[in-house]
Amino acid sequence: MNEVKKMVMLALIISQALVLHLIEGFMPVVAPGIKLGLANIMTLVTLVFFGFKEALMVVMVRSILGSLLAGSFTSMLYSLAGGILSCLTMGLLYIRWRNYFSIIGISTAGAILHNIGQLLVASWVFGTIGILFTYLPILTIAALGTGFFIGLVSNYVIKYLESQKWFRWERG
Amino acid sequence: MRVPLRVGDLIVYAFAVVLIAVGLSGMYTMGISHDERKVVVEVNGREVYSCRVYKGMEPVEFRVNAGNGQYNVVLITYEGVRIKEANCPDQICVKSGFIRFSGQAIVCLPHKVVVKIISGREEVPDVDDIAS
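Residues numbered from 1 in each chain as written. Chains lettered and ligands numbered in written order. Predicted model: local features only at pLDDT ≥ 70, side-chain atom pairs only at ≥ 80, totals over all residues. Heavy atoms only, no water.

1. Here we look at the sheet that holds strand β6 (residues 105-108) of chain B
Residues and elements named next belong to chain B. With antiparallel pairing, the four strands of this open sheet are ordered in space as β2-β1-β7-β6. In this open sheet, the two edge strands, each paired with only one partner strand, are β2 (46-53) and β6. Pairs of neighbouring strands in the sheet enclose a mean axial angle of 15°, with direction left out of account. For strand β1 (residues 37-43) and β2, the ladder comprises seven bridges, and the chain directions are antiparallel. The residue bridging Val 40 from the neighbouring strand is Ser 50, located in β2. (Pairing = 2+ DSSP bridges. Helix = DSSP H or I, 4+ residues; strand = E, 2+ residues; numbered from the N terminus. Axes fitted to C-alpha atoms, helices over the stretch in contact; angles between N-to-C directions.)

Next up, the structure:
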(Lines give C-alpha, C1' and ligand atoms only; values in the text may rest on other atoms or scores of the structure.)
Protein backbone atom coordinates (compact mmCIF):
# COMPACT_ATOMS: atom_id res chain seq x y z
CA MET A 1 0.00 0.00 0.00
CA ASN A 2 2.81 2.33 0.88
CA GLU A 3 4.52 1.67 -2.45
CA VAL A 4 1.33 2.39 -4.34
CA LYS A 5 0.78 5.62 -2.43
CA LYS A 6 4.35 6.67 -3.12
CA MET A 7 3.97 6.00 -6.81
CA VAL A 8 0.74 7.98 -6.98
CA MET A 9 2.30 10.86 -5.08
CA LEU A 10 5.33 10.91 -7.35
CA ALA A 11 3.13 10.82 -10.42
CA LEU A 12 1.16 13.80 -9.06
CA ILE A 13 4.36 15.67 -8.29
CA ILE A 14 5.78 15.01 -11.75
CA SER A 15 2.60 16.23 -13.39
CA GLN A 16 2.65 19.38 -11.29
CA ALA A 17 6.32 19.97 -12.07
CA LEU A 18 5.50 19.49 -15.75
CA VAL A 19 2.68 22.03 -15.61
CA LEU A 20 4.91 24.53 -13.80
CA HIS A 21 7.65 23.91 -16.38
CA LEU A 22 5.22 24.59 -19.23
CA ILE A 23 3.61 27.63 -17.60
CA GLU A 24 7.05 29.10 -17.16
CA GLY A 25 7.57 28.87 -20.89
CA PHE A 26 4.72 31.34 -21.39
CA MET A 27 6.16 33.86 -18.97
CA PRO A 28 7.93 36.86 -20.43
CA VAL A 29 11.67 36.78 -19.83
CA VAL A 30 13.47 39.80 -18.44
CA ALA A 31 16.74 38.86 -20.09
CA PRO A 32 17.86 35.74 -21.96
CA GLY A 33 18.65 32.94 -19.60
CA ILE A 34 16.78 34.32 -16.63
CA LYS A 35 13.69 32.50 -15.50
CA LEU A 36 12.09 31.63 -12.21
CA GLY A 37 12.56 27.88 -12.17
CA LEU A 38 9.12 27.13 -10.77
CA ALA A 39 9.49 23.41 -11.40
CA ASN A 40 12.29 23.43 -8.86
CA ILE A 41 9.64 23.77 -6.14
CA MET A 42 8.48 20.24 -6.89
CA THR A 43 12.05 18.97 -6.99
CA LEU A 44 12.68 20.37 -3.53
CA VAL A 45 9.44 18.94 -2.19
CA THR A 46 10.35 15.51 -3.55
CA LEU A 47 13.83 15.78 -2.11
CA VAL A 48 12.50 16.62 1.32
CA PHE A 49 9.72 14.04 1.52
CA PHE A 50 10.94 11.17 -0.63
CA GLY A 51 14.68 11.33 -1.09
CA PHE A 52 17.40 11.93 -3.62
CA LYS A 53 16.71 9.14 -6.11
CA GLU A 54 13.08 10.13 -6.45
CA ALA A 55 13.99 13.80 -6.87
CA LEU A 56 16.44 12.95 -9.64
CA MET A 57 13.75 10.88 -11.33
CA VAL A 58 11.24 13.74 -11.10
CA VAL A 59 13.76 16.14 -12.64
CA MET A 60 14.66 13.82 -15.50
CA VAL A 61 11.10 12.85 -16.36
CA ARG A 62 10.01 16.50 -16.14
CA SER A 63 12.86 17.69 -18.37
CA ILE A 64 12.32 15.02 -21.02
CA LEU A 65 8.53 15.36 -21.10
CA GLY A 66 8.66 19.15 -20.94
CA SER A 67 11.06 19.31 -23.87
CA LEU A 68 8.94 16.86 -25.84
CA LEU A 69 5.79 18.91 -25.25
CA ALA A 70 7.30 22.34 -25.85
CA GLY A 71 10.85 22.47 -27.08
CA SER A 72 13.45 20.71 -29.12
CA PHE A 73 16.26 18.23 -28.70
CA THR A 74 18.72 20.95 -27.71
CA SER A 75 16.28 22.30 -25.15
CA MET A 76 16.12 18.81 -23.68
CA LEU A 77 19.91 18.79 -23.49
CA TYR A 78 20.01 22.15 -21.69
CA SER A 79 17.16 21.24 -19.39
CA LEU A 80 18.63 17.87 -18.46
CA ALA A 81 22.14 19.18 -17.84
CA GLY A 82 20.94 22.03 -15.65
CA GLY A 83 18.35 19.91 -13.87
CA ILE A 84 20.65 16.99 -13.08
CA LEU A 85 23.51 19.19 -11.90
CA SER A 86 21.22 21.27 -9.68
CA CYS A 87 19.52 18.16 -8.33
CA LEU A 88 22.87 16.56 -7.49
CA THR A 89 23.90 19.70 -5.62
CA MET A 90 20.66 20.06 -3.74
CA GLY A 91 20.62 16.37 -2.87
CA LEU A 92 24.17 16.52 -1.55
CA LEU A 93 23.47 19.63 0.51
CA TYR A 94 20.18 18.33 1.88
CA ILE A 95 21.24 14.78 2.69
CA ARG A 96 24.70 15.54 4.07
CA TRP A 97 24.39 18.94 5.69
CA ARG A 98 20.70 19.64 6.15
CA ASN A 99 21.32 21.05 9.63
CA TYR A 100 23.46 23.82 8.23
CA PHE A 101 21.49 24.79 5.15
CA SER A 102 17.97 26.14 4.96
CA ILE A 103 15.69 25.30 2.08
CA ILE A 104 16.38 28.78 0.72
CA GLY A 105 20.12 28.20 0.68
CA ILE A 106 19.70 24.80 -0.95
CA SER A 107 17.39 26.24 -3.57
CA THR A 108 19.82 29.09 -4.32
CA ALA A 109 22.70 26.65 -4.71
CA GLY A 110 20.54 24.58 -7.03
CA ALA A 111 19.67 27.64 -9.11
CA ILE A 112 23.33 28.61 -9.47
CA LEU A 113 24.39 25.09 -10.46
CA HIS A 114 21.45 24.89 -12.87
CA ASN A 115 22.88 27.91 -14.68
CA ILE A 116 26.37 26.42 -14.70
CA GLY A 117 25.05 23.19 -16.18
CA GLN A 118 23.22 25.05 -18.92
CA LEU A 119 26.24 27.23 -19.66
CA LEU A 120 28.51 24.19 -19.87
CA VAL A 121 26.21 22.62 -22.43
CA ALA A 122 25.96 25.94 -24.27
CA SER A 123 29.72 26.33 -24.45
CA TRP A 124 29.97 22.74 -25.66
CA VAL A 125 27.29 23.28 -28.31
CA PHE A 126 28.75 26.56 -29.52
CA GLY A 127 32.34 25.36 -29.10
CA THR A 128 33.53 28.33 -27.11
CA ILE A 129 34.23 28.81 -23.44
CA GLY A 130 33.69 32.56 -23.74
CA ILE A 131 29.94 32.61 -23.22
CA LEU A 132 30.42 30.83 -19.93
CA PHE A 133 32.24 33.86 -18.59
CA THR A 134 30.06 36.51 -20.16
CA TYR A 135 26.82 34.99 -18.91
CA LEU A 136 27.98 33.73 -15.53
CA PRO A 137 27.86 36.99 -13.53
CA ILE A 138 24.43 38.12 -14.66
CA LEU A 139 22.94 34.64 -14.36
CA THR A 140 24.40 34.19 -10.88
CA ILE A 141 22.93 37.48 -9.72
CA ALA A 142 19.57 36.40 -11.12
CA ALA A 143 19.91 33.00 -9.47
CA LEU A 144 20.33 34.67 -6.07
CA GLY A 145 16.93 36.31 -6.47
CA THR A 146 15.04 33.43 -8.04
CA GLY A 147 16.65 30.86 -5.74
CA PHE A 148 15.56 32.86 -2.72
CA PHE A 149 12.01 33.17 -4.02
CA ILE A 150 11.72 29.50 -4.97
CA GLY A 151 13.21 28.45 -1.64
CA LEU A 152 10.69 30.58 0.24
CA VAL A 153 7.79 29.14 -1.75
CA SER A 154 9.08 25.59 -1.24
CA ASN A 155 9.38 26.24 2.46
CA TYR A 156 5.69 27.15 2.64
CA VAL A 157 4.67 24.21 0.47
CA ILE A 158 6.64 21.79 2.66
CA LYS A 159 5.18 23.26 5.84
CA TYR A 160 1.68 23.02 4.41
CA LEU A 161 2.11 19.43 3.32
CA GLU A 162 3.51 18.47 6.71
CA SER A 163 0.43 19.85 8.45
CA GLN A 164 -2.01 17.97 6.21
CA LYS A 165 -3.61 14.73 7.41
CA TRP A 166 -3.93 13.17 3.96
CA PHE A 167 -0.25 13.67 3.27
CA ARG A 168 1.25 11.44 5.91
CA TRP A 169 4.82 11.39 4.85
CA GLU A 170 7.69 11.86 7.20
CA ARG A 171 10.64 13.95 6.08
CA GLY A 172 13.09 11.52 4.56
CA MET B 1 7.32 36.98 8.18
CA ARG B 2 10.46 35.30 9.37
CA VAL B 3 12.95 34.32 6.73
CA PRO B 4 14.38 30.95 7.74
CA LEU B 5 18.02 31.34 6.84
CA ARG B 6 20.81 29.32 8.40
CA VAL B 7 24.58 29.51 8.77
CA GLY B 8 25.40 27.35 5.78
CA ASP B 9 23.54 29.68 3.46
CA LEU B 10 26.41 32.09 3.86
CA ILE B 11 28.59 29.54 2.06
CA VAL B 12 26.14 29.54 -0.85
CA TYR B 13 26.19 33.32 -1.05
CA ALA B 14 29.98 33.40 -0.75
CA PHE B 15 30.14 30.87 -3.58
CA ALA B 16 27.87 33.11 -5.65
CA VAL B 17 30.11 36.11 -5.05
CA VAL B 18 33.15 34.06 -6.08
CA LEU B 19 31.36 32.97 -9.25
CA ILE B 20 30.46 36.55 -10.13
CA ALA B 21 34.07 37.58 -9.57
CA VAL B 22 35.38 34.69 -11.69
CA GLY B 23 32.94 35.53 -14.46
CA LEU B 24 33.82 39.22 -14.44
CA SER B 25 37.56 38.57 -14.36
CA GLY B 26 37.20 36.00 -17.13
CA MET B 27 35.30 38.58 -19.16
CA TYR B 28 38.00 41.14 -18.45
CA THR B 29 40.97 38.95 -19.35
CA MET B 30 39.39 37.40 -22.40
CA GLY B 31 37.98 40.77 -23.29
CA ILE B 32 36.55 40.99 -26.75
CA SER B 33 39.12 38.50 -27.99
CA HIS B 34 36.77 35.55 -27.59
CA ASP B 35 34.28 37.50 -29.65
CA GLU B 36 35.75 36.65 -33.02
CA ARG B 37 35.92 39.49 -35.47
CA LYS B 38 36.20 39.40 -39.21
CA VAL B 39 37.35 42.07 -41.62
CA VAL B 40 35.48 42.26 -44.90
CA VAL B 41 36.55 44.36 -47.85
CA GLU B 42 33.93 45.16 -50.46
CA VAL B 43 34.28 46.87 -53.80
CA ASN B 44 31.04 48.10 -55.32
CA GLY B 45 29.08 45.88 -52.95
CA ARG B 46 30.99 42.75 -53.90
CA GLU B 47 33.15 41.03 -51.29
CA VAL B 48 36.73 40.81 -52.53
CA TYR B 49 38.55 39.91 -49.34
CA SER B 50 37.83 38.77 -45.82
CA CYS B 51 39.96 37.57 -42.97
CA ARG B 52 39.68 36.71 -39.33
CA VAL B 53 41.21 38.94 -36.65
CA TYR B 54 42.76 37.14 -33.71
CA LYS B 55 45.27 37.75 -30.99
CA GLY B 56 48.89 37.37 -32.08
CA MET B 57 48.15 37.54 -35.79
CA GLU B 58 50.66 38.87 -38.30
CA PRO B 59 49.66 42.27 -39.68
CA VAL B 60 48.13 41.87 -43.11
CA GLU B 61 48.45 44.41 -45.87
CA PHE B 62 45.90 44.03 -48.61
CA ARG B 63 45.89 46.05 -51.77
CA VAL B 64 42.37 46.67 -53.04
CA ASN B 65 42.13 47.05 -56.75
CA ALA B 66 39.06 49.17 -57.47
CA GLY B 67 39.61 49.31 -61.25
CA ASN B 68 40.98 52.07 -63.48
CA GLY B 69 44.22 52.09 -61.50
CA GLN B 70 42.39 53.09 -58.37
CA TYR B 71 43.72 51.37 -55.28
CA ASN B 72 43.47 51.37 -51.48
CA VAL B 73 45.94 49.67 -49.20
CA VAL B 74 44.25 48.17 -46.15
CA LEU B 75 46.33 47.41 -43.10
CA ILE B 76 44.81 44.78 -40.81
CA THR B 77 46.27 44.21 -37.35
CA TYR B 78 44.82 42.85 -34.13
CA GLU B 79 44.77 46.35 -32.67
CA GLY B 80 42.78 47.82 -35.50
CA VAL B 81 42.13 48.16 -39.17
CA ARG B 82 42.90 51.20 -41.30
CA ILE B 83 43.43 52.29 -44.85
CA LYS B 84 47.10 53.07 -45.04
CA GLU B 85 47.22 54.55 -48.46
CA ALA B 86 44.91 55.37 -51.34
CA ASN B 87 44.97 57.35 -54.53
CA CYS B 88 41.47 58.71 -54.15
CA PRO B 89 41.08 62.50 -54.47
CA ASP B 90 39.56 63.23 -51.05
CA GLN B 91 41.68 60.89 -48.88
CA ILE B 92 38.78 60.64 -46.42
CA CYS B 93 39.30 56.91 -46.04
CA VAL B 94 42.92 57.40 -45.02
CA LYS B 95 41.99 60.11 -42.58
CA SER B 96 39.32 57.91 -41.00
CA GLY B 97 42.07 56.21 -39.04
CA PHE B 98 41.71 52.96 -37.14
CA ILE B 99 38.52 51.00 -36.58
CA ARG B 100 38.50 48.31 -33.93
CA PHE B 101 35.07 46.96 -33.07
CA SER B 102 32.56 44.92 -34.98
CA GLY B 103 30.04 47.16 -36.65
CA GLN B 104 32.53 49.86 -37.55
CA ALA B 105 33.44 50.57 -41.15
CA ILE B 106 35.65 52.73 -43.34
CA VAL B 107 34.19 53.93 -46.60
CA CYS B 108 35.99 55.26 -49.64
CA LEU B 109 33.25 56.78 -51.75
CA PRO B 110 35.21 57.63 -54.90
CA HIS B 111 36.45 54.04 -55.21
CA LYS B 112 33.24 52.47 -53.85
CA VAL B 113 35.36 50.57 -51.33
CA VAL B 114 33.99 49.55 -47.93
CA VAL B 115 36.13 48.02 -45.22
CA LYS B 116 34.10 46.78 -42.31
CA ILE B 117 34.51 44.69 -39.19
CA ILE B 118 31.80 42.18 -38.48
CA SER B 119 31.31 39.65 -35.77
CA GLY B 120 32.85 36.36 -36.84
CA ARG B 121 30.10 34.49 -35.07
CA GLU B 122 26.83 34.80 -36.89
CA GLU B 123 24.38 33.51 -34.32
CA VAL B 124 24.44 35.11 -30.91
CA PRO B 125 24.32 32.37 -28.29
CA ASP B 126 21.04 32.81 -26.55
CA VAL B 127 20.91 30.23 -23.82
CA ASP B 128 17.33 30.39 -22.82
CA ASP B 129 15.71 31.04 -26.12
CA ILE B 130 16.33 27.39 -26.81
CA ALA B 131 15.89 26.03 -23.32
CA SER B 132 12.59 27.88 -22.81
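2. So, the pattern of salt bridges
Residues and elements named next belong to chain B. Under the counting rule described, the total for this entry stands at three salt bridges over all chains. Its salt-bridge partner being Lys 84, residue Glu 61 comes within 2.8 Å of it at the nearest N-O pair. Of this pair, Glu 61 sits in strand β3 (residues 60-65) while Lys 84 sits in strand β5 (residues 81-86), and the two are 23 residues apart along the sequence. Take Lys 84: its relative accessible area is 35%, and that puts it in the partly exposed class. (Salt bridge = Lys/Arg side-chain N within 4 Å of Asp/Glu carboxyl O. Buried < 20%, exposed > 50% of the residue type's maximum accessible area, 1.4 Å probe, protein only.)

3. A closer look at unusual backbone geometry
Residue and element names in this part refer to chain B. If you check the backbone angles, Asn 68 has positive phi at about 55° while not being a glycine. For Asn 68, the location among the structural elements is in the loop between β3 and β4 (71-76). A residue is classified by how much of its surface remains accessible, and Asn 68, at 78% relative accessible area, is exposed. Here Gln 91, not a glycine, exhibits a phi torsion of approximately 60°, which is positive. Structurally, Gln 91 is set in the loop between β5 and α2 (92-95). Owing to a relative accessible area of 25%, Gln 91 belongs among the partly exposed residues under this scheme.

4. Side note on the nonpolar core
Val45(A), Phe49(A), Phe50(A), Ile106(A) and Ile112(A) are the most contacted members of the largest nonpolar core, which has 49 residues in total. Secondary-structure elements contributing two or more residues to this core are α1 (2-26), α2 (39-49), α3 (52-69), α4 (73-97), α5 (103-126) and α6 (130-163) of chain A together with α1 (9-30) of chain B. With eleven residues, the single largest contributor to this core is α5(A). (Core = buried A, V, L, I, M, F, W, Y, C linked by side-chain atoms within 4.5 Å.)

5. Observations regarding the confidence of the model for chain B
Residue and element names in this part refer to chain B. Scored by pLDDT, chain B has a mean of 80; 82% of the residues are at 70 or more. Mean pLDDT across the secondary structure elements of chain B bottoms out at helix α3 (residues 127-131), with 49, and peaks at β4, with 91. This prediction of the complex comes with two scores: 0.67 for pTM and 0.78 for ipTM. (pLDDT = per-residue confidence, 0-100.)

6. Some thoughts on the pairing of β6(B)
Residues and elements named next belong to chain B. Of the two faces of β6, only the one carrying Ile 106 and Cys 108 is buried; Ala 105 and Val 107 on the other face are not. Looking at chain direction, β6 and strand β7 (residues 113-119) are connected through four bridges and run antiparallel. Pairing of Cys 108 across the sheet is with Val 113, part of β7. Connecting β6 to the next strand, β7, in antiparallel fashion are four residues, including Lys 112 with a positive phi near 55°.

7. Considerations on the packing of aromatic side chains
Per the stated rule, a full pass over the model turns up one aromatic pair over all chains. A centroid spacing of 4.1 Å and a plane angle of 15° characterise the contact between Tyr49(B) and Phe62(B), whose relative ring orientation is stacked. With Tyr49(B) in strand β2 and Phe62(B) in strand β3, the pair connects residues that are 13 residues apart, well separated along the chain. Its end group placed over the ring of Tyr94(A), Arg98(A) keeps NZ or CZ at 4.5 Å from the ring centre. The side chain of Arg63(B) reaches across the aromatic face of Tyr71(B), ending 4.0 Å from its centre. (Phe/Tyr/Trp six-rings, centres within 6.5 Å; stacked < 30°, edge-to-face > 60°. Lys NZ or Arg CZ within 6 Å of the ring centre and 35° of its normal.)

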